[in-house]
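# Descriptive analysis of the structure
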Amino acid sequence: MSSSQLVGRAAELTVGEAALRRALDGDPEQATPVLFVAGEAGIGKSRLLEVLLDRARQADAVTACGRCLEHGGEIRPLAAMSEILADLGEEVDTSTLAPAEALARLFDRARTSLRTASARGAVVVAVEDLHWSDRTTRTLLAELVRTRGLGRMLLIGTYRSDELHRRHPLLPFLADLEHAVRPERIDLVPLDEAEVVELGSAILDRPIGAGRGRELARRSGGNPFYAEELLAVDVSTRIPAGVSHVILARSRSLEPDALACLQAASVLAPPIYPAALQITSGLATLRYRRAVDVLCRERFLIDDEVGFRFRHELVREVFLDGLLPGERAELFARAAQALEEHRPERRGEIARLYANAAQLPQALAAAVQAAAAAGSIGASAEAVEHYGRAIDLWDRVDGPAGRTGVSHLRLLRSAAQAADLARDFDVAVELATRAVDEARAAGDPFEEGGALLELSGYLWDASAPGMHEAIERAMAVLPSEPLTVERIRLEVRSAMNRAFAGDGAAADLALAAAAQRAAELDERGVEATARAHVGYGRVLLGDEQALRNLTDGLHVAQSIDDGTAGTLIAINLTHALVSLGRFRDAAELYDDGVAFNERHGYADTRGILFQGNVLDALEALGWWEAAAGVMDDIGRRLSPETMHRWASAFLGWTQIQIHRGHYAEAASTYRRGLEMWQTGYYSGDQLPAGSGLIELAAAGVIEPIDPAAVEMWLDELQPDQASLDARLVATAARHLVPPVTSAEHSRTLDMIIGWIARLRRMRAEFVQVPPVLDAWLSQADAEVAEADGDMGADRWAGQVTAWAHLECEYLAGYARFRQADALLRTGGGRSAGDRATATGLLRMAWRTASALGADPLCRDVQDLARRARLRIEEDNANSVPAPTEPSPFGLTARELEVLRLVNDGRSNGEIGTKLFINTKTASVHVSNILQRLGASNRIEAAAIARRHRLVDR
């Protein structure tokens, strides 16, 4: 009782075809087009999708379609993705992979397959029933549509809009894609009466008549599926208006065996395997075959290649809801037993069926098995749900450990690992903490130490305090004999913490011993990690051999494909390179490092720290558009809440925002960095966010920073943090020294000079002093000298050279601006040679700032050039001066500049210094202004200027 004709959807089909055309004609590098088809159950979403897929195939596009599956509240993870990959000819064997690798490998395979197909032509990927999608599938889809190189792929998703309550998990996914790619959306509405008549006539292949059509439209409410069902039982029959009654009325003619088979099918999730259906129905073979033939002939069931499915999910729902409690429990139990015998891999469905049958021991065992199975394919979010069910059932079953083969403690640890991989970091910390407490209560030091080690990692991923304490507690309780891998990993983590805290000698001894012990157990990844970090403290002091050890360790970890070791070493290597000022070397590790992290499932957790270190390098190099690309990539993968968690990793990007004048965006990130430092997340005593906080305070975005706060941040200066500290000191010297007239001027200046002296004394501890440290120290010297009235253009000339040598484009441009300013102020701006040199410097600084989008520096350069009457714009014979509006009161541009300074309360001498003119000339300008404004004094002139908006208030 269905029609091949698509009725009443001309406008919707036009929208769908336009989306398809964008994929057919699109550029592979453009954003992936996305189309959502929404509407109530039975409204025709699948029918419209079938037409669009058929049109795509006619246009020689590759198509792949997958259905999200749900049955009785149980969602099968990755069902749609498995079908899509199968349509693309891909099979992914994740059985030998770790859970984190499994998801990463699945995404990598899907991305590669779609990118390859997209390079040859258009690809249409359809996902039906997104309202039943699992979180892992939604994550994969969100990442795929943001992947570059898939501009010729069209993603079509269908979902029931009437099921999306305000807490439905699909809503954040839809909002995320709305923000990222702005998808097209088709909202299917009911057919009108004429369209229902047309549909009915097409189904019956004859006109149905106006009266019958009117009744059909009234009873179906314009829903095509309801209309089909009503026609199947004859619309003239007096039946209740509810669709369930419509469907049940059509089943009245079924024989008892067919009805029993239909009820059995309603408790099984699609695809419904024939052997499982027969066992659940309880019918003998011959009677079962006859019943199935009737159900397929009457179009209750559809016979797919792999099994049966209901023609429409509403039919299944109606029969499932119609079962009596006793019937339901019996069918659930038989269905679970049938799947255990014929489809044991469907553990999640088996667990649900046993739970619904109130057979709790079997439900517990199946839930544990389902959790492990989901984790093995990378469906960590679904594994967490199964583990949660198992934890809830544990105390309701006699002898649960014997039935599941695991202890409650191991169940908690496995659940915590799954939650961490699913990015439910708070849940992971909570479960791991419970495991630690349970192990301690049981008096098992091996379990307690192992659980503490795992907890430390989850705390790290959660950007939460307590990581270091968990490691030290584990060291105290986990026995060193007999030798275990967990103990060696713990020793490596503890030793690295000591290295980061400045106890390099003890750390090196511990790491060397751990490396030897790892070799004894043939744990190559742990060994590589330990050997790489021997001498790590000396890496930050410029020891080239120690740096080579770290680089070699990364190569070893990557060669053996150890994700944990490779990610950790890459994080610390890029941090070291940035600390040493080897910014280009750090940036060049990016592509391979990100691919490695993605492959091993760390891209969205600790791999973020690797990207954060590279952001620091990109900020220094002036590769800010590349940094924007990194942030786009991170933003596509992380939710706003997770981005907030990892705010401390994005300080390089936030510094770029400050350079560009985007102060509001930068402030929230820096506040988060300050919060993390105050709660003890950082292992060191210095504050990475300090420089940015000072700059934000100077811009008036946050409360002023007191020099005493900086003194606290620098409380325990360490040589391995010297470059970062020197930048902080230079920034403080620039912004925190009060005017000479202030009583605090000398005290603050002496405090900063003391900081610089302490940093200079540390140079003796370096194996090789990194040029970046000397560059920041000399910049701090220049700032101090200028704050004390000693204008030194030569100092800033040296800074230009230093920053250019380090390839720090922005800082070199900033130094050119400061050199020009010093030249002009030293000679009053009147020396022809100085003015020519300053013009060249400002022109180069302006080019740099303009290219980078550094608006504050652009404004400073232009303001200085205007005040000094220097022309820095590039010569262009074809340029036409822009017309200027006449100034009120006939004031010249120069007089307006003087008036602004009068409004600021500046004396004639201060005006002359600011505008590079002598005091007498400034006095003449002021007199002319008073005359033109008709003001008797400077105060009245300022009031007139504000009233007529000639100056800012």
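Shown above is the structure to which this text applies.
Just so it is clear, the structure is predicted and the values come from calculations on it, not from any experiment. Counting from 1, residues in each chain are numbered in the order their sequence is written. Note on the predicted model: pLDDT of at least 70 is required for a residue's local features to be given, and 80 or more for side-chain atom pairs to be given and counted; whole-chain, interface and lining totals, by contrast, use all residues. Each side-chain value is derived from all of the structure's non-hydrogen atoms; neither hydrogens nor water enter the calculation.

### Side note on the overall build of the protein
Rules: A run of H or I in DSSP counts as a helix once it spans at least four residues, and a run of E counts as a strand once it spans at least two, with each numbered from the N terminus. Accessibility here uses a 1.4 Å probe with only protein chains present; expressed as a share of the type maximum, an area under 20% marks a residue as buried, one over 50% as exposed, and anything in between as partly exposed. The contact definition used throughout considers only heavy atoms, calling two residues in contact when any of these lie within 4.5 Å.
Each helix and strand counted, the protein has 49 helices and 9 strands in total. Its C-alpha atoms give the protein principal-axis dimensions of roughly 110 × 80 × 45 Å. When burial is assessed residue by residue, the protein has 55% of its 953 residues classed as buried. The contacts in the protein between residues at least 6 apart in sequence include a share of 67% that link residues at least 24 apart.

### Structural notes on the nonpolar core
To keep it simple, the criterion reads: Buried Ala, Val, Leu, Ile, Met, Phe, Trp, Tyr and Cys residues that are joined via side-chain atoms within 4.5 Å together make up what is termed a nonpolar core.
In this structure, Phe173, Leu277, Ile705, Val710, Trp803 and Leu842 are the most contacted members of the largest nonpolar core, which totals 255 residues. Examining the composition of this core, we find that 10 residues originate from one element, helix H43 (residues 809-826), more than from any other. In this structure, Leu24, Leu48, Ala61 and Ala126 belong to the second largest nonpolar core, which totals 23 residues.

### Regarding empty space enclosed by the protein
Quick note on the threshold: Both site types are read off a 1 Å grid over the protein atoms alone. A 1.4 Å probe that fits but cannot get out defines a cavity, while an open set with protein on both sides within 12 Å along at least five of seven lines defines a pocket; lining residues have an atom within 4 Å of a point. Grid points are joined across faces, edges and corners, and a volume is the space filled by probe spheres set on the points.
The full count for this structure, using the stated rule, is 4 cavities of 30 Å³ or more. The computed volume of the second largest cavity comes to approximately 50 Å³. Contributions of two or more residues to the lining of the second largest cavity are made by helix H3 (79-87), helix H4 (99-120), helix H5 (135-145) and strand E6 (153-160). Here the lining of the second largest cavity takes 3 residues from H5, the largest share from any one element.

### Digging into the pairing of strand E1 (residues 34-39)
To be explicit about the condition: A strand pair is defined by DSSP finding two or more bridges across the two strands.
Across the 6 residues that make up E1, a large majority, 6, are buried. Side chains of E1 alternate between two faces, with Val34, Phe36 and Ala38 and Leu35, Val37 and Gly39 buried alike. Sheet topology note: the E1/strand E7 (residues 184-187) ladder contains 4 bridges and is parallel. Bridged to Leu35 within E7 is Glu184.

### Structural notes on the packing of helix H16 (residues 347-356) against helix H17 (residues 360-376)
For clarity, the cut-off: Working convention: axes come from line fits to C-alpha atoms, limited for helices to the stretch in contact. Angles between N-to-C directions cover 0 to 180 degrees. Angles are sorted into four bins: roughly parallel if under 35 degrees, roughly antiparallel if over 145, roughly perpendicular if 65 to 115, and oblique for all others. If you view the pair so one helix is near and one far, a crossing is left-handed when the near helix is turned anticlockwise from the far one by less than a right angle, and right-handed when it is turned clockwise. Residues are grouped as follows: nonpolar covers Ala, Val, Leu, Ile, Met, Phe, Trp, Tyr, Cys and Pro; charged covers Asp, Glu, Lys and Arg; every other residue, Gly included, is treated as polar.
The N-to-C vectors of H16 and H17 enclose an angle of 160 degrees; their axes lie 8 Å apart at closest approach. Considering their axes alone, H16 and H17 lie roughly antiparallel with respect to each other. When you trace H16 past H17, the crossing you get is left-handed. Side by side, H16 and H17 meet where Arg347, Gly348, Ile350, Ala351, Tyr354 and Ala355 of the first sit next to Gln362, Ala363, Ala366, Ala367, Gln369 and Ala370 of the second. Per-class residue counts for the contact of H16 with H17 are 8 nonpolar, 3 polar and 1 charged.

### Comments concerning the packing of aromatic side chains
We count it as follows: When two rings of Phe, Tyr or Trp (its six-membered ring) have centres within 6.5 Å they constitute a pair, described as stacked for plane angles under 30 degrees, edge-to-face for angles over 60, and tilted for the intermediate range.
Per the stated rule, a full pass over the model turns up 9 aromatic pairs. Between Tyr590 and Phe610 the ring centres are 6.3 Å apart and the planes differ by 10 degrees, which places this aromatic pair in the stacked class. Linking Tyr590 in helix H31 (residues 590-599) with Phe610 in helix H32 (residues 607-621), this pair joins segments that are 20 residues apart in sequence. There is no split in this pair, since Tyr590 and Phe610 are both buried. Centre to centre, the rings of Trp796 and Tyr814 are 6.2 Å apart; their planes meet at 85 degrees, and the pair counts as edge-to-face.

### With respect to H43
Going by this rule: In this analysis, the expected span of each helix is defined as 1.5 Å times one less than the number of residues it contains.
Across its 18 residues, H43 extends 26 Å between first and last C-alpha, which sits within 8% of the 26 Å expected from 1.5 Å per residue. With respect to burial, H43 is a largely interior element, 15 of its 18 residues being buried.

### Comments concerning the sheet that holds E6
Spatial ordering of the open sheet is given by E2-E5-E6-E1-E7, a layout of 5 strands whose pairing is parallel. Edge positions in the open sheet fall to strand E2 (62-67) and E7, since each of these has one partner strand only. The average undirected angle you get between the axes of adjacent strands in this sheet is 15 degrees. As judged from the 6 bridges shared by E2 and strand E5 (residues 123-128), these two strands associate in the parallel manner. Residue pairing across strands places Val62 opposite Val123, the latter belonging to E5. On the sheet, helix H1 (residues 10-25) packs against E1, E5, E6 and E7 and is oriented at approximately 160 degrees with respect to E7.

### Observations concerning the pairing of E6
The following threshold applies: Handedness of a crossover is defined as follows: with both strands directed away from the viewer, a clockwise route from the first strand across the helix to the second makes it right-handed.
Taking burial as the measure, the 8 residues of E6 include 8 buried ones, the bulk of the element. As judged from the 6 bridges shared by E1 and E6, these two strands associate in the parallel manner. For Leu35, the partnering residue across the bridge sits in E6 and is Ile156. In this view, the connection linking E5 to its parallel neighbour E6 by way of H5 has right-handed handedness.

### Description of unusual backbone geometry
In this structure, the amide linkage connecting Pro270 to the following residue, Pro271, adopts the cis form with an omega of -5 degrees. Summarising the element assignment, Pro271 is placed in the loop between helix H11 (256-266) and helix H12 (274-281). That bond from Glu481 to Pro482 is cis: its omega, -5 degrees, falls within 30 degrees of zero. For Pro482, the position within the fold is in the loop between helix H23 (467-477) and helix H24 (485-500).

### Digging into helix H8 (residues 210-220)
Inspection of H8 places Gly213, Leu216, Ala217, Arg219 and Ser220 among the buried residues, and these make up the whole buried set. Positive backbone phi, at 65 degrees, marks Gly221, one or two positions downstream of H8.

### Let's talk about the packing of helix H15 (residues 325-342) against H16
With their axes 8 Å apart at the nearest point, H15 and H16 run at an angle of 155 degrees to one another. The orientation of H15 with respect to H16, classified from their angle, is roughly antiparallel. For the pair H15 and H16, the crossing hand works out as left-handed. Residues Phe332, Ala335, Ala336, Gln337, Leu339 and Glu340 of H15 touch H16, and the partners they reach there are Arg347, Glu349, Ile350, Arg352, Leu353, Tyr354 and Asn356. Considered class by class, the residues forming the contact of H15 with H16 number 7 nonpolar, 2 polar and 4 charged.

By themselves, these figures tell us nothing about what the structure is for.
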